[in-house]
Amino acid sequence: MNSFVNNLCCNGGDDESSGDELWDKDAVGLTHVGEALHQVLGRHHNHYHHKMWNVTSGKVIGSVHQTPMNVWGCCQDPQKNNDDWFPEKMAEIIGRTEKWCDIMSLGPPDGKFMTEFKGAIEKLAERSKTAEDTIIVRLLTGNIVGMPTNCSAVLKALTKDVPQDAKIQVWVGAWRKGFSWNHAKLIAVDGVYLHTGGHNLWDHHYLKCNPVHDLSIELEGSVARDGHRFANLHWEFIERNQRTCIGSCVDMMPDAMPTALKTRVTVSEFPKGVANTFPPMFSKKKVAKTANYSRRNSTLEKTGVVDKGVPMITIGRLGTIVYKHRSADDAIIAMINSSRKIIRLVLQDIGPVTVPGTKSALPGLKWPKAYLAAIGEAIYQRGVDIEMVLSNPNSIPGGLKGTEANYGNGWSCVDVAAEIIKSIKKNHANVDDGKLRAMVIDNLRICFLRHNKKCKYDDGKTIGLHSKHFIVDDVSTYIGSQNLYMCDLAEWGVVIDSEAEVKKIKEDYFDPMWKDSYTGDDVDVQKVMDGLNIDRDGEQTWLDYIRKNDAQHMMPHGQSEYLCVDEDEMQGAEVGIHSAENGESSQGKRDEVTIATNETPTPSLASSQQNPPEIDPNSSAQKTGLCGINGLCRNKSCILTVI
C-alpha cells in the first residue's frame, strides 16, 4: 500500500511513529522498569503521547479495592452484602464531581451498580443548582457485537428523577468497529480523582453468591487527567462516525435495531433539546476553576511545594480504531523484558477460550506468543522467578448459567507452564531437557486461585478470577483492564512505579492471595515436559464456531435490560470475512465496507515493530489473517473477546 492510500484510507499518517525518541519531562525518578516503559513508548508510540500513554504522577488512596473482601485465611464464604461497599464507593467518587466526570466500562451498570450510579447523578443534579457551570457526565461502554448497548434505556434509567432544568448534561455512548470495542474501566473526576482496574459494573458477578475476584484502585492527582484524555479519543471516534450520512441514519434507529454495518456507534443525550448530540471534549482548562482542582494546588500556594505523589505511567490501546499502534501491548512486554528478579501475576487466564467441556481452543484462537516468549526469556536468560495465580477454569458467579458468565478459559496450570517452556525451547533449540526441568522446578510457580487452600465455594462452585494485575521486581505494578490472552479491544491501565507503594499493594493483595492459593500441586514437571509437543492453538477460523453459537458466547454477561442480544448484527460484522474465506478479492470487499460505513477497515494489532504481540480470547482469524472484518491485516492474528 503506497503512502498516499495509507494516509487516505487508513489514517496511516497519524498512526505512524516519527521514529524520533520522545522524552517525557515527568520521566524522572523512575525505576528500571518504568524507564524501560518510557523508552519503548517514547520511541515507538510518540504520536500517542498524552493520548494512549503518559508519564505522570499521583497518590494511591488507601488500600487497593479488591472484591470479595475479607476472604483470605477465612474458612467461610463471603456473606450476603459483603461487597455492597464497592458500588457505593464508585458512586461516592462520581458524586465528588463539580464540573466533569468520565465513566468507562465494558457494559452498562445493572442492579445495585445502576441504583448507586443513579443516586450519584441525582446528587450532582442537586449540586448543579448552585454551580457556576453546567456539570458534564460522559458514560461510555462497548457496543459488543450481537449485544449492543441500549444507550437510550441506560440514560433514561440514570436520569429518571433528574429535573429537566438541572444544570447537568449526561451522555451515554457506545461503539464497536468490527470485533473491537471498549473494554477499559475507569471513573475520572475533575482531572483530580481516578478509579480504574478490572471491575465491570455487574451485580450478579460481584455482589451475589460465589462472587468473582477482581481488583481496582483509587488514585488522586495528575494521573486522573489521562483518564479523561483517553475517554476523549473514544468520544471523538463516536462523533466522527455518527456525523456521516450512514451514521446519521443509524442514529435515528432504536439502539436495539439490527444493523449490518461494520462500525456501530450510538449516543444519547440528556436533557433532550438542550444538550448537544455529542458531548464536549475534556481539557484541563475546563476544570481549572473547580474547588477539587484548586484543593490539589493548595499545598503549592502555602508552601511553594506540591506533593505530586509517586511516578505513574498510564498505558492504553484503542483496538481497531487505530491502524497499527498498540501502546499498552509494547509497554507490558517492556515491563516483562526489564525484569531482573521476579514477576508476580494475577490473571483471569493467559490461554485462549476453549470449546466448552474440552481442552481445545476455539477455532482460530491462539496463545499469546509474544508475552509467553518474553516470560520465557526472563526465566532462561536472567533466572527470573514467575509466580502466577489464575482463575479456576469455567467458574460461574451469582447463580448464572455457563452461557451467561464464565471465568477461566479451561486450561490447567500444567498447560500454561508447558506453553511457557515451549517458548523457551523454540527460541533456544539446543537447550537440554534437564535444564528445562530445572526451570520448571526452580523458577515457575503457577497455581489456581484458592480460599484457605480450597478451590471451591461451599456449594461446590469453583472460585473465579477477573483481575489484570502484575508486579515486576516488587518495584513496579500494573492494575488495569488488559488481559494477557489474545484480544484486540480498547484497554487502559496504570503502572505505579514506586517501590514503597508497590510494597503496600503486594502486602494488601498478592501476599495473602498467594498464601491461600499456592500449594505446589498444580504444576507437575513430568506432565509439563510430556505436554511440550501438544498443539493447543485453535484450528480453522473462529467464524466457523461463531456461526453455530449465539452472541452470548462472545461476551458472557447474563440477562440485562440494557443489552440487546442481536444475532443479525453478528452476521453484519462478518462482512468481508466471507470473501476472504472464499478466495474473493479482499480489496473489493474493503471498498464495499468503506462505502457502507464511511469508515476504513483497520488492520488490528502490530504493536511492536520488531516483535508484535498477539491478541486475546474470543478473538482472531489466524488462517485468514483478518482483523475483525478487514482485508489488510499486517499480522496473522485477529480479534474477538469475552470479559
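So, here is what we can say about the structure in this document.

Procedures and definitions
- Residues numbered from 1 in each chain as written.
- Predicted model: local features only at pLDDT ≥ 70, side-chain atom pairs only at ≥ 80, totals over all residues.
- Heavy atoms only, no water.
- Buried < 20%, exposed > 50% of the residue type's maximum accessible area, 1.4 Å probe, protein only.
- Helix = DSSP H or I, 4+ residues; strand = E, 2+ residues; numbered from the N terminus.
- Pairing = 2+ DSSP bridges.
- Right-handed = clockwise from strand over helix to strand, strands pointing away.
- Axes fitted to C-alpha atoms, helices over the stretch in contact; angles between N-to-C directions.
- Left-handed = near helix turned anticlockwise from the far one by under 90°.
- Contact = heavy atoms within 4.5 Å.
- Nonpolar A, V, L, I, M, F, W, Y, C, P; charged D, E, K, R; others polar.
- Phe/Tyr/Trp six-rings, centres within 6.5 Å; stacked < 30°, edge-to-face > 60°.
- Polar contact = N/O pair within 3.5 Å; in protein donor to acceptor, adjacent residues only side chain to side chain.

Here we look at the pairing of strand β5 (residues 168–177)
Part 1: Counting buried positions along β5 yields 10 of 10 residues, so the element is predominantly enclosed.
Part 2: Side chains Ile 168, Val 170, Val 172, Ala 174 and Arg 176 project from β5 onto one buried face, and the interleaved Gln 169, Trp 171, Gly 173, Trp 175 and Lys 177 project onto a second face that is buried too.
Part 3: Pairing analysis gives 8 bridges linking strand β4 (residues 135–142) to β5, with the strands arranged parallel. The partner of Gly 142 across the bridge, within β5, is Trp 175.
Part 4: Taking the sense of rotation as the criterion, the β-α-β connection linking β4, helix α6 (residues 151–158) and β5 turns out right-handed.
Part 5: Examined bridge by bridge, β5 and strand β10 (residues 263–270) share 8 bridges and lie antiparallel to one another. By the bridge assignment, Trp 175 is partnered in β10 with Val 265.
Part 6: Relative to strand β6 (residues 180–181), β5 is paired through 2 bridges, and the arrangement is antiparallel. If you follow Arg 176 over to β6, its bridge partner there is Trp 181.

Let's talk about the packing of helix α3 (residues 32–44) against helix α12 (residues 327–338)
Part 1: Where α3 contacts α12, the two axes come as close as 8 Å, and the packing angle between them is 145 degrees. Our pair here, α3 against α12, has a crossing hand that is right-handed. Of the residues in α12, those in contact with His 32, Val 33, Ala 36, Leu 37, Val 40, Leu 41 and His 44 of α3 are Ser 327, Asp 330, Ala 331, Ala 334, Met 335 and Ser 338.
Part 2: Of the residues that constitute the contact of α3 with α12, the class distribution is 8 nonpolar, 4 polar and 1 charged.

Structural notes on the packing of aromatic side chains
Part 1: Per the counting criterion, the structure on display carries 10 aromatic pairs.
Part 2: With a centroid separation of 5.6 Å and 15 degrees between ring planes, the pair formed by Phe 510 and Trp 514 is classed as stacked. One end of the pair is Phe 510 and the other is Trp 514, both in helix α16 (residues 499–517) and 4 residues apart, which spans about a single turn.
Part 3: Take Phe 510: its relative accessible area is 1%, and that puts it in the buried class.
Part 4: Through pairs of rings, three or more aromatic residues link up here, namely Trp 85, Phe 86, Phe 113 and Tyr 206.

Quick look at the environment of His 469
Part 1: Assignment of secondary structure puts His 469 in strand β15 (residues 468–472).
Part 2: The class for His 469 is buried, based on a relative accessible area of 1%.
Part 3: Each C-alpha atom of the pair His 469 and Asn 483 lies 8.9 Å from the other, and the pair is 14 residues apart in sequence.
Part 4: Polar contacts involving the side chain of His 469 include one to the main-chain carbonyl oxygen of Tyr 478, which spans 3.0 Å.

Regarding the side chain of Arg 317
Part 1: Inspection of the secondary structure puts Arg 317 in strand β11 (residues 310–318).
Part 2: At 2.6 Å, the side chain of Arg 317 and the backbone oxygen of Leu 489 are in polar contact.

What to know about unusual backbone geometry
Part 1: Residue Thr 67 is joined to Pro 68 through a cis peptide bond whose omega torsion reads -5 degrees.
Part 2: Checked against the element boundaries, Pro 68 lands in the loop between β2 (65–67) and α4 (85–94).
Part 3: The residue after Phe 270, namely Pro 271, is reached through a cis peptide bond having omega -5 degrees.
Part 4: Even without glycine at this site, His 50 takes up a positive phi of about 65 degrees.

So, the environment of Phe 117
Part 1: Secondary-structure assignment places Phe 117 in helix α5 (residues 111–127).
Part 2: For Phe 117, a relative accessible area of 1% gives the class buried.
Part 3: For the pair Phe 117 and Glu 88, spaced 29 residues apart in the sequence, the C-alpha separation amounts to 8.4 Å.
Part 4: With sequence-adjacent residues up to four places away left out, Phe 117 is seen in contact with Met 90, Ala 91, Ile 94, Ile 103, Pro 109, Leu 158 and Leu 201.

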